[in-house]
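# Working through the structure, step by step
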Amino acid sequence: MFLYLVWKHINLPDPTPLQYDIAHYLANGPRKCCIEAFRGVGKSFVTSAYVLWELLRDPQKKIFVVSASKQRADSFTTFTLRLIEEMPILSHLRPKENQRSSRIEFDVGPAIADQSPSVRSVGITGQLTGSRADIIIADDVEVLNNSATADMREKLLERTKEFSAILKPLDTSKIIYLGTPQTEDSIYNKLPDTFEIRVWPAEVPADPDTYGSNLAPYVAKLLKRLPAGSPTDPMRFSAMDLAERKAEYGRAGYALQFMLSTQLSDMDRFPLKIRDLIVMDTQVEKAPMKVEWLPDLKREWKQLPNLAMQGDRFYGPAAHSDEFKEYTGSVMAIDPSGRGKDETGYCVIKMLNGFLYVRRAGGLPGGYDTATLTRLATIAKEEQVNHIVVEANFGDGMYTELLKPIMARIHPCIIEEVKHSVQKERRIIDTLEPVMNRHKLVFERSVIEDDYKSAQAYDADNKYTKTLVYQLSRISYDKGALKHDDRLDALAIGVSYWVEKIGQDADRGIASEKQRLLDEALRGFMDNAFQVGTPRKDRWFTLKGR
């Protein structure tokens with residue numbers, strides 16, 4: 001009933017059955033719980049109403065609200081205080097003149113004097129110690145900005161352990177997590193066994209067993225009367241609305257943000273692993289004839305930003321040959337940008353003796369503009385590229401025609417177009433997986449650093465999903481698996497160009513090179529062993545006579 005009054009006060013439609021179910025769980029659920037509900041369901045609004053309901057029942061309670069950012073936490077407190085000031089039923093809770101009343105913290109009128117305010121908000125990286133609370137609400141403490149890497153998630157999990165020290169040792173004390181998992185290795189999967197997790201996905205799941213006992217009973221009942229894929233809260237999101245969001249987020253993102261299933265995005269579904277790469281410093285003109293791969297923790301590149309799955313790491317080479325030689329060739333692959341938020345993906349790959357060396361890779365925010373084309377031409381010149389391959393599926397060849405005069409002016413080289421008709425995800429995986437599994441793909445160390453840095457200019461929703469490493473480690477065979485794939489597609493186009501040429505055996509190539517050098521040395525020896533100008537026939541008979 002109280003939730004209904006709050007909804008009416010802020011001119012919202014009646015609460016939906018699913019929102020009522022979340023509210024009921026908040027009020028009657030266990031002391032330590034985690035509520036995972038899909039984005040847009042209104043869980044923060046419902047929880048704000050729950051806070052007011054608790055203060056209405058007992059004004060002496062102390063409530064601590066923690067979010068990923070202080071701004072987010074303050075918004076929760078501000079909204080709660082405003083409802084107290086506006087709703088007649090809560091008028092007696094309005095702070096008195098001698099009480100705290102701000103968007104950071106406030107007291108309710110009947111509360112007795114205490115060091116801790118009735119409601120206080122703080123960011124997860126803020127000052128948590130020194131507070132005491134009856135109820136701790138962790139409202140979206142996990143976001144992509146603080147959980148994209150394994151190190152970030154470990155630090156975040158350590159911060160949340162402080163909650164136990166803040167919580168009052170009472171039977172009525174509560175810790176409540178609200179959120180949606182942001183990664184396949186979400187901290188919500190690592191909460192202690194003392195927490196109960198309840199999940200409300202956006203659709204009736206096709207495989208409810210993936211949620212185990214965490215699936216909300218309300219959704220479990222829907223399984224008996226609705227087909228899989230039906231909206232669980234059609235008053236909030238229709239099937240069409242969810243279909244649009246699936247297209248926007250990609251299948252992997254949708255599985256996390258709306259289906260709340262990290263198991264649906266399990267590592268085994270993503271065949272490309274960064275541990276199969278070799279990361280090392282490379283040169284512009286030449287490289288070792290052979291590079292050895294070994295996933296040894298002693299060779300892990302710990303200082304590199306790692307956006308791959310939990311446990312997946314970058315490794316340096318175990319060893320490389322002493323023989324260095326100029327690259328067989330250098331190709332730049334370009335995946336032109338369409339309209340909207342796409343990037344122009346590019347990748348420079350050089351080949352030597354069956355190994356592919358990724359010297360440059362990234363994305364440019366422009367598309368057909370002169371600045372972007374000039375930048376690509378400049379990179380081609382710096383890397384001494386002798387062949388450019390352009391994805392021609394977009395623009396019907398127009399991109400190549402615009403690029404040609406700029407390349408002719410800055411760095412003349414061959415330019416050709418390629419077209420693809422198979423599903424993009426399958427084409428990318430089928431191209432990269434064999435090469436990576438054979439450990440033939442070598443990344444220049446600065447490529448990974450620059451890839452990460454260049455994506456930080458984007459907003460919070462895109463600064464990680466735009467990176468090549470994120471795309472490489474998150475692609476699956478599902479259509480639309482990635483929100484962005486521009487940089488990864490450019491890598492696949494470049495590898496595809498060389499794929500027919502890397503069947504040669506590296507050891508055979510080294511042996512062949514040694515034989516060539518030996519032959520040259522022998523010829524040089526023979527030329528210098530006899531007098532200059534003497535016919536070879538005479539030299540031979542002279543030698544025999546001796």
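Heads up: these notes are all about the structure in this document. (Residues numbered from 1 in each chain as written. Predicted model: local features only at pLDDT ≥ 70, side-chain atom pairs only at ≥ 80, totals over all residues. Heavy atoms only, no water.)

### Side note on the sheet that holds strand 6 (residues 174-179)
In plain terms, the rule: One bridge is not enough; two strands pair if DSSP finds at least two bridges between them. Helix numbers and strand numbers start at the N terminus; a helix is a DSSP run of H or I with at least 4 residues, a strand a run of E with at least 2. Residues are treated as being in contact if the distance between any of their heavy atoms lies within 4.5 Å. Each axis is a line fitted through C-alpha atoms, taken for helices only over the stretch in contact, and angles between the N-to-C directions span 0 to 180 degrees.
As summarised here, the arrangement of the seven strands in space is 3-4-2-5-6-1-7, forming an open sheet in which the pairing is mixed. Every other strand in the sheet has two partners, leaving strand 3 (105-106) and strand 7 (196-200) as the edge strands with one partner each. Where strand 3 meets strand 4 (residues 119-123), two bridges bridge the pair, whose relative direction is antiparallel. Counted as the bridge partner of E105 is R120 from strand 4. Sitting on the sheet, helix 4 (residues 70-86) touches strand 2 (63-67), strand 3, strand 4 and strand 5 (135-139), and the angle it makes with strand 4 is about 160 degrees.

### Quick word on the packing of aromatic side chains
The condition that has to hold: Pairing of aromatic rings covers Phe, Tyr and the six-membered ring of Trp, with a centre-to-centre limit of 6.5 Å; geometry is then stacked below 30 degrees between planes, edge-to-face above 60, and tilted otherwise. Each residue is assigned to one of three classes by its accessible area relative to the maximum for its type, calculated with a 1.4 Å probe on protein chains only: buried under 20%, partly exposed between the two thresholds, exposed over 50%. A positively charged side chain is recorded as over a ring if its NZ (Lys) or CZ (Arg) lies within 6 Å of the ring centre. The angle to the ring normal must also be within 35 degrees.
Overall, the coordinates contain 13 aromatic pairs when judged by the stated rule. Aromatic side chains Y177 and Y188 sit 6.2 Å apart centroid to centroid with 75 degrees between the ring planes, which places their arrangement in the edge-to-face category. Here the residue Y177 occupies a position in strand 6, and Y188 occupies one in the loop between strand 6 and strand 7, the gap between them amounting to eleven residues. For the pair Y177 and Y188, one class covers both residues: buried. Among the aromatic side chains, those forming a connected cluster through ring pairs are F163, Y177, Y188 and F195. When the ring centre of W53 is taken as reference, the NZ or CZ atom of R57 above it lies at 4.2 Å. Sitting over the ring of Y470, R474 keeps its end group 4.4 Å from the ring centre.

### Remarks on the packing of helix 1 (residues 2-9) against helix 2 (residues 17-28)
So the rule is basically this: Our angle categories are set so that under 35 degrees counts as roughly parallel, over 145 as roughly antiparallel, 65 to 115 as roughly perpendicular, and the remainder as oblique. If you view the pair so one helix is near and one far, a crossing is left-handed when the near helix is turned anticlockwise from the far one by less than a right angle, and right-handed when it is turned clockwise. Three residue categories are used. Nonpolar comprises Ala, Val, Leu, Ile, Met, Phe, Trp, Tyr, Cys and Pro, charged comprises Asp, Glu, Lys and Arg, and polar comprises the others, including Gly.
It is the contact of helix 1 with helix 2, at a shortest axis distance of 10 Å, that shows an interaxial angle of 125 degrees. Comparing their axes, helix 2 and helix 1 come out oblique. Taken as a pair, helix 1 and helix 2 cross one another with a handedness that is right-handed. Where helix 1 approaches helix 2, its residues L3, Y4 and W7 are matched on the opposing element by Q19, Y20 and A23. Of the residues assigned to the contact of helix 1 with helix 2, the class counts are five nonpolar, one polar and no charged.

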